[in-house]
2 protein chains.
Amino acid sequence: MRVAAGDERADLVLRNGRVVNVCSGEIYRGDVVVDDGRVVTVRAEPWGHAGREERDLDGRHVVPGLIDGHMHLESTMLTMGEFARAVVPHGTTTVILDPHEYANVLGPAGIRFVIDSARGLPLDAYVMLPSCVPASPLESPRRPLLAADLLPFLDDPAVLGLAEMMDVPGVLARDREALAKIVSTQTRGRVVDGHAPEVRGDRLAVYAAAGIGSDHESTRVEEAREKLRLGLWLMVREGSASRNLSALLPLLAELRPSRAFFVTDDRDPVDLATRGHIDSMVRMTLDYGLDPVEAVRLASYNAAQYFGLRDRGAIAPGYRADLLVLDDLASFRIAAVYKDGQLAAEQGRPLFAPPPPDVAALEAISDTINVAPLTPADLRLRGHDGPATVIGVETNQITTTQLTETATTRDGAIVAAPERDLLRLVVVERHHASGRVGLGLVKGFGLREGALASSVAHDAHNLAVVGGEDADIIAAVDAVRRMGGGFAVVRDGAVIAALPLPLAGLVSPRPVEELVMGLRALDEAAAGLGCALEHPFMTLSFLSLSVIPALKLTDRGLVDVAAARIIPLQ
Amino acid sequence: MRVAAGDERADLVLRNGRVVNVCSGEIYRGDVVVDDGRVVTVRAEPWGHAGREERDLDGRHVVPGLIDGHMHLESTMLTMGEFARAVVPHGTTTVILDPHEYANVLGPAGIRFVIDSARGLPLDAYVMLPSCVPASPLESPRRPLLAADLLPFLDDPAVLGLAEMMDVPGVLARDREALAKIVSTQTRGRVVDGHAPEVRGDRLAVYAAAGIGSDHESTRVEEAREKLRLGLWLMVREGSASRNLSALLPLLAELRPSRAFFVTDDRDPVDLATRGHIDSMVRMTLDYGLDPVEAVRLASYNAAQYFGLRDRGAIAPGYRADLLVLDDLASFRIAAVYKDGQLAAEQGRPLFAPPPPDVAALEAISDTINVAPLTPADLRLRGHDGPATVIGVETNQITTTQLTETATTRDGAIVAAPERDLLRLVVVERHHASGRVGLGLVKGFGLREGALASSVAHDAHNLAVVGGEDADIIAAVDAVRRMGGGFAVVRDGAVIAALPLPLAGLVSPRPVEELVMGLRALDEAAAGLGCALEHPFMTLSFLSLSVIPALKLTDRGLVDVAAARIIPLQ
């Protein structure tokens, strides 16, 4: 206030910009005055006082910092600090995180870790509490997360509500535990995100009536329109695997909905490094011809409204000075990023170093791979020659198909038949060293030899392995175990490529560039074994997710997702 | 949820309507299913289950119940129950009240009375806490309302925030008490309304930076545009005295702002009975040619967003079933009003009776006129022949002008000169029988004889009297005192018309029709005395408001509003 009155110098004056004002819906010439991390005022006429620091924008556009309204940090495989270094230069200044993967591995401690690791960065990270650990009773996280586990977090100022309620059957059946989570969130005036792919009509009405406020699973205009009509906020998703923006742009152009905003859900490190983050969605939206004010609202203001974040998403007095200066509006090329009034990135480069890691905190989430010794006997899949149910995979799809193939046996056990692209799929329980192993067959990887193993295996994150011979499979599991988690490629019983993900078995402490190189090396090594998939570890990491159709394998066995039960191979 | 699933019968199914959907921005054919006071679902296809009650809308439009975002109940002179009977038939289902007048007379008990009297009616009344009692140090309410008085109310679920912060100089000067009220409201995540007529530029930035969220004083497009740009929500006002909608409609059409909504501020009973309420603003907006969805958003949804009322302002699952059925959209003729799913009004007639009055509560706010005996000596205005400062009034204006007229004296005291329309204006302190009397001269009433007295005298609500002779003035004060408050017209020392307002001296327990008749009788009686003003009691009631330009009279004397000080007559 003192600064606005001209009684004190402002920290920063951005002169001669073009302000994209989401409040009034206008773009006009203006000076933006910043002090103490907040916007003091925006003046259509030149601001008459000198700032401690001044910058002539020379007509460049200024827009509010971007918001990702729903994402899983773990999909980037980055720590919060490295993630901030990756996305702040892309204009992201606020993210709403669902620490679902950390919570599967670490329980409430995983949520606490994410909240704590958001400090000291030019990026505000809010948390939505994971609603569905486990994703279904057919997979085994460290332990289920109950409504009672979430309660202590609901009053944390970093927590905005309950994350994607994937348990649609539970909600529709008025399951006591599912409703308890929803009601305890609502009674604190916080929001409950939805997750309702293809839920329509009366089922959608029941789901909405339960108090769900949003959904990010619409893939087509008519589904999105129905959800908007029923009062759900429309999260438009553009992830690495699931990309829905192009399909929904016609609806955004038609309705210009104030109840829609952008999310990425899951973006992998390669995608972050190459395409960017929410800024890539703004570019697609502008290319489609939407009004720039509207595009910026979708990328910032609307999300702030949904989450009740009244201090961001706009450039106006009292709002956080989260500001992007653009070299060019049409191509949304970001020249500079200010977070809380501090220059945080310029020309795509971060200007900050994350605070030094809290070694004790990182140690507490390391060494999480707890597997019983694996022997060929554990891998023996009793069976007979003849038809067997096989999981079919395709490149860049997280859904699978249910195939029937003729099994090959040796000594009364089903074995791989690489010449027909029939490989073993193995899921090893890794939280409690229970020795529980799920065994199945998969077609589509195309490996002629060797094995791939991953400790990233949605959502329970047990170990998933694909391969032919027992020795390779056991060596791959052992390699992942020794790294404390990660990806491994094995040939002839020896590791030929590996990427450690020691934090919860999901995340690397290294920068994004190193991760991208490591992932490319893995893909190349897998290709060298004959692998036909573009990103085999991404495909592998979704083969245990028991809520995505059609056929999956968990530590508990082969899952028929539609029937929600374990089925035999033969 | 059970009903949405078809497992239980719905209370009510409105079939074959045209739903105005503010969430998606569309109008389409639909069935609206209601149960337990909430909307269960809206179906574009016919709902397949029977309801306990069914109604065929035959293509009539259905819109959400209307919201008045800022009003003073006391201006209607009605109790909450009678107010509900007056406005619910006009489609109002939620009002945001600032009990500023009750608070001036009764202190915190006045706020509590308003909150308590909102129960048992088909109208939801929320309260914003009066921020400025007194309006200035130059007038005398019962006692000042401090930040500490407001604190206990801030956690009441009926309280949404702090009402219009009229103390602009205090905010700009960073007055400790003004900022304490704002900060204690904000820290509870509640909103602070503004009141900043003609505050622009840097002063507006300071005001906005203090945390003010809205303003309802814009009278012209450029002022409103500037406020919107600076992040203030635009409350578009159409009161009885201050009517701003016509002037602001071009801006609403240009920007279609999501951060704008309708308020009435002050509507008198005559206006309510003849023009209606928020529905009258919708009609003006539709006549201007705005999109109906946009008009309905301005009249309901947007206000709900500003106040964080997530359960109303739209027709969608889980929202309150506050629904209007229209006979015709273009003329916004309301056929039926449902509040929480119950039919509350039909064809302009209320279908409910207010709960029987709480006699003890009404008694507690009666008998508030506490005046010392008034004698001619108290009215003696010492002065000399020659120039004197006079308050100039005009019909239907609450602002005044400062005139200089030649005073007429008798025995060393200034007296009225009705032949030149120079009358005495007297303000008698009435909360503590202090005997404090403010004396002045006024021009514009045109009374040839007699006197008018009112216990409604903004904002401190002392007694305001206009007249010629001491005897008439004393008789008028006495008449108001005997009624426990109200309006009185006196001629030759006798009351010729009177309207009792026994509740806090501001409000009548009678229905709106009776009040309207009473007010008309008063206007006629005043006209019979030669009064030149259309609504002399309305004009009189604003002559003590020490924050509206230019010259006012309070119990403390003649107030130069711009200079914010007491000035001598001569």
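Scroll up a little and you will see the structure.
Residues numbered from 1 in each chain as written. Chains lettered and ligands numbered in written order. Predicted model: local features only at pLDDT ≥ 70, side-chain atom pairs only at ≥ 80, totals over all residues. Heavy atoms only, no water.

**Student:** Tell me about the packing of aromatic side chains, residues and numbers included.
**Tutor:** By convention here, two paired aromatic rings are described through the distance between centres and the angle between planes. Inspection of the entire model under this criterion finds 14 aromatic pairs over all chains. Members of the aromatic cluster, each reached through a chain of ring pairs, are Trp233(A), Phe261(A), Tyr306(A) and Phe307(A). Here the guanidinium or amino end of Arg229(A) rests over the ring plane of Tyr28(B), the centre of that ring lying 3.5 Å away. (Phe/Tyr/Trp six-rings, centres within 6.5 Å; stacked < 30°, edge-to-face > 60°. Lys NZ or Arg CZ within 6 Å of the ring centre and 35° of its normal.)

**Student:** Help me get a handle on empty space enclosed by the protein, residues and values and all.
**Tutor:** All names here are of chain A. The tally for this structure, following the rule as stated, stands at four cavities of 30 Å³ or more. What the largest cavity holds in volume is close to 50 Å³. Taken together, Pro64, Gly65, Leu66, Ile67, Thr93, Thr94, Asp311, Arg312, Gly313, Ala314, Arg320 and Asp322 make up the lining of the largest cavity. Looking at the lining of the largest cavity residue by residue, the class counts come to four nonpolar, four polar and four charged. (1 Å grid on protein atoms, 1.4 Å probe; cavity = no way out; pocket = protein on both sides within 12 Å on 5 of 7 lines; lining within 4 Å. Points joined across faces, edges and corners; volume = space filled by probe spheres on them. Nonpolar A, V, L, I, M, F, W, Y, C, P; charged D, E, K, R; others polar.)

**Student:** How would you explain the side chain of Asp560(A) if you had to name every residue and give the values?
**Tutor:** Residue and element names in this part refer to chain A. With respect to the secondary-structure elements, Asp560 resides in strand β28 (residues 557-560). Arg565 is the oppositely charged side chain nearest to the buried, salt-bridge-free Asp560, at an N-O distance of 5.3 Å. At 3.1 Å, the side chain of Asp560 and the backbone nitrogen of Ala563 are in polar contact. Excluding its chain neighbours within four sequence positions, the residues that come into contact with Asp560 are Ala550, Leu551, Arg565 and Ile567. (Helix = DSSP H or I, 4+ residues; strand = E, 2+ residues; numbered from the N terminus. Buried < 20%, exposed > 50% of the residue type's maximum accessible area, 1.4 Å probe, protein only. Lys, Arg positive; Asp, Glu negative; His and termini not counted. Salt bridge = Lys/Arg side-chain N within 4 Å of Asp/Glu carboxyl O. Polar contact = N/O pair within 3.5 Å; in protein donor to acceptor, adjacent residues only side chain to side chain. Contact = heavy atoms within 4.5 Å.)

**Student:** Could you give an account of the sheet that holds strand β27 (residues 551-554) of chain A, naming the residues involved and the relevant values?
**Tutor:** Residue and element names in this part refer to chain A. Spatially, three strands are ordered β27-β28-β29 in an open sheet, and the strand pairing comes out antiparallel. Each end of this open sheet is capped by a strand with a single partner; those strands are β27 and β29 (565-567). Neighbour to neighbour, the strand axes of the sheet diverge by 45° on average, direction disregarded. By the bridge criterion, four bridges tie β27 to β28 in an arrangement that is antiparallel. Each residue of the ladder has a partner; that of Thr554, found in β28, is Gly557. (Pairing = 2+ DSSP bridges. Axes fitted to C-alpha atoms, helices over the stretch in contact; angles between N-to-C directions.)

**Student:** Lay out the pairing of strand β8 (residues 124-129) of chain B in plain terms, naming residues and giving numbers.
**Tutor:** Residue and element names in this part refer to chain B. With six of six residues buried, β8 is to be regarded as a mostly interior element. Side chains Asp124, Tyr126 and Met128 project from β8 onto one buried face, and the interleaved Ala125, Val127 and Leu129 project onto a second face that is buried too. Note that β8 and strand β9 (residues 159-165) share three bridges and pair parallel. Residue pairing for β9: Val127 is matched across the bridge by Val159.

**Student:** I'd love a proper account of the packing of helix α11 (residues 278-288) of chain B against helix α12 (residues 292-307) of chain B, names of residues and values included.
**Tutor:** Two quantities define a packed helix pair, namely the angle between the axes and the distance from one axis to the other. Residues and elements named next belong to chain B. For the pair α11 and α12, interaxial distance at closest approach is 10 Å and the crossing angle is 150°. One element, α11, and the other, α12, form an angle in the roughly antiparallel class. You can see that α11 and α12 cross each other, and the crossing is right-handed. In contact with Ile278, Val282, Thr285 and Leu286 of α11, α12 contributes Pro292, Ala295, Leu298 and Ala299. (Parallel < 35°, antiparallel > 145°, perpendicular 65-115°, else oblique. Left-handed = near helix turned anticlockwise from the far one by under 90°.)

**Student:** Help me get a handle on the interface of chain A and chain B, residues and values and all.
**Tutor:** Taken residue by residue, the interface counts 48 residues in chain A and 48 residues in chain B. Surface buried jointly by chain A and chain B totals about 3,900 Å² across both partners, of which 52% is contributed by carbon and sulfur atoms. On the chain A side of the contact with chain B, Met1(A), Arg174(A) and Arg229(A) bury the most area, a combined 20% of that side's loss. One can count eight salt bridges joining chain A with chain B. Its salt-bridge partner being Arg229(B), residue Glu26(A) comes within 2.8 Å of it at the nearest N-O pair. At the surface where chain A touches chain B, the tally comes to 16 residue pairs in polar contact (both at pLDDT 80 or more). At the level of secondary structure, the elements contributing two or more residues to the side of chain A that touches chain B comprise β2 (26-35), β3 (38-43), α7 (201-209), α8 (221-229), α9 (245-255) and α12 (292-307) of chain A. No other element matches α7(A), which puts six residues into the side of chain A that touches chain B. Class assignment for the residues of the side of chain A that touches chain B results in 28 nonpolar, nine polar and eleven charged. (Buried area = accessible area lost by both parts, 1.4 Å probe.)

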